[in-house]
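Each chain, letter by letter, is given below.
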Amino acid sequence: MKIEQIKDNAFSMPITTPSAPLIDYKFKDREYLIISYETDIELLKEVVPEPLKVISNVVHFEFMKMPDSSGFGSFKESGQVIEVEYNGRKGLYSHLMFVDDVASIVAGREVWGFPKKYGFPSLDVDVDTLTGRLKYNQTEIAIGTMGYKYFEGDIAATKSALETTPNYILKVIPSVTGKGTDVCQLIEYYMADVNVKGVWTGPAALQLFEHALAPVAQLPIKKVIGGKHQIVDFTLSYGNVLFDYLK
Ligand SMILES: CC(=O)CC(=O)O
């Protein structure tokens, strides 16, 4: 392979069959259980990277099922999202993510910088209860429950929030020298082509358990605020670099 060919075509690895193909990443019927809770704002300030600012003591714990995702197929995901502000714009910062699909982990980390680790999330209807679970290896680290489809939510407001809210990630790619990083950037991305197929609210509960390598309980629950269940189609847009920590 010629140097010019590499320069022109390199996007991801392996270069001849990348785990992160250069495609439009479309998600159909992504189903979310989002349980929002209050934690200690001082702990949030310790984990949210500047120049982002923490603007509340609220954490959103998500359990997601993605049955039809371009490039990734069918997989599940779970993680914590924090309410922040960048230059006066309110958005959401992805703190920890656990995913059961290597292609989604690899592409997510390499392209956008999603903080993805391998884990075992699930989202199922257990008789009358929408139930999210997250295991790290064999160990349960989160259980979320919500009454199934109690109250219909506002589809237009949910669509508008998903389309207009910036999402922030700290992308870190280590250097082969073992000294520092080749990439250390604050990334922003948006969701596009959003089609909200259903939104529900209802009574919700959440439990988090301590784990040395999957510290979801590092942001402990003081009070559960509420639960949201939604089903959405969208395109995951490529992002922008907002801040380069190496410059
Ligand atoms: C790359 C992805 O799969 C993104 C996501 O998990 O939301």
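Summarised in this report is the structure supplied together with it. Because the structure is a prediction, the values reported are computed rather than measured.

### Quick word on the overall build of the protein chain
Then step 1. In terms of regular secondary structure, the protein chain is built from four helices and 15 strands.
Then step 2. Dimensions along the principal axes, computed over C-alpha positions, put the protein chain at roughly 60 × 40 × 40 Å.
Then step 3. Every one of the 247 residues in the protein chain was classed for burial, and the buried ones make up 31%.
Then step 4. For the protein chain, long-range pairs separated by at least 24 residues make up 66% of all intrachain contacts whose partners lie at least 6 apart in sequence.

### Thoughts on the pairing of strand β13 (residues 204-208)
Then step 1. Residues A204, L206 and L208 point to one face of β13 and are all buried, whereas A205 and Q207, pointing to the other face, are not buried.
Then step 2. Pairing geometry for strand β8 (residues 139-147) and β13, over five bridges, is antiparallel. Note on β13: the bridge partner recorded for I143 is Q207.

### Focus on the pairing of strand β7 (residues 129-136)
Then step 1. Alternating positions in β7 separate cleanly, L130, G132, L134 and Y136 being buried on one face and T129, T131, R133 and K135 remaining unburied on the opposite face.
Then step 2. Bridging between strand β6 (residues 120-126) and β7 involves seven bridges; their strand directions are antiparallel. Across the sheet, the residue bridging to V125 is L130, located in β7.
Then step 3. Hairpin connection from β6 to β7: two residues lie between these consecutive antiparallel strands, with V127 at a positive phi of about 55 degrees.
Then step 4. Bridge analysis of β7 against β8 gives eight bridges, and the strand direction is antiparallel. Considered in β8, the bridge of T129 is made with G147.
Then step 5. The hairpin turn running from β7 into β8, its antiparallel successor, is two residues long, and N137 in that turn takes a positive phi close to 55 degrees.

### Section: the site of the ligand
Then step 1. Surveying the vicinity of the ligand reveals the residues F72, E77, S104, A107, G108, F114 and L236.
Then step 2. Along the lines of polarity and charge, the residues of the shell around the ligand split into four nonpolar, two polar and one charged.

### What about the sheet that holds β6?
Then step 1. Ordered in space as β6-β7-β8-β13, the four strands form an open sheet in which the pairing is antiparallel. In this open sheet, the two edge strands, each paired with only one partner strand, are β6 and β13. Averaged over all pairs of adjacent strands, the angle between their axes in this sheet comes to 10 degrees, without regard to strand direction.

### With respect to the nonpolar core
Then step 1. One finds L33, I35 and I141 to be the most contacted residues of the largest nonpolar core, which totals 38 residues.
Then step 2. Here this core takes five residues from strand β2 (residues 53-69), the largest share from any one element.
Then step 3. I35 has contacts with F61, G144, M146, A204, L206, V224 and G227, leaving out every residue within four places of it along the chain.
Then step 4. Ranked by size, the runner-up nonpolar core spans six residues in total, among them Y25, V199, F234 and L236.

Thresholds, definitions, all that
- Residues numbered from 1 in each chain as written.
- Predicted model: local features only at pLDDT ≥ 70, side-chain atom pairs only at ≥ 80, totals over all residues.
- Helix = DSSP H or I, 4+ residues; strand = E, 2+ residues; numbered from the N terminus.
- Buried ≥ 20, exposed ≤ 12 C-beta atoms within 10 Å, placed from the backbone.
- Contact = placed C-beta atoms within 7 Å.
- Pairing = 2+ DSSP bridges.
- Near = placed C-beta within 6 Å.
- Nonpolar A, V, L, I, M, F, W, Y, C, P; charged D, E, K, R; others polar.
- Axes fitted to C-alpha atoms, helices over the stretch in contact; angles between N-to-C directions.
- Core = buried A, V, L, I, M, F, W, Y, C linked by C-beta atoms within 7 Å.

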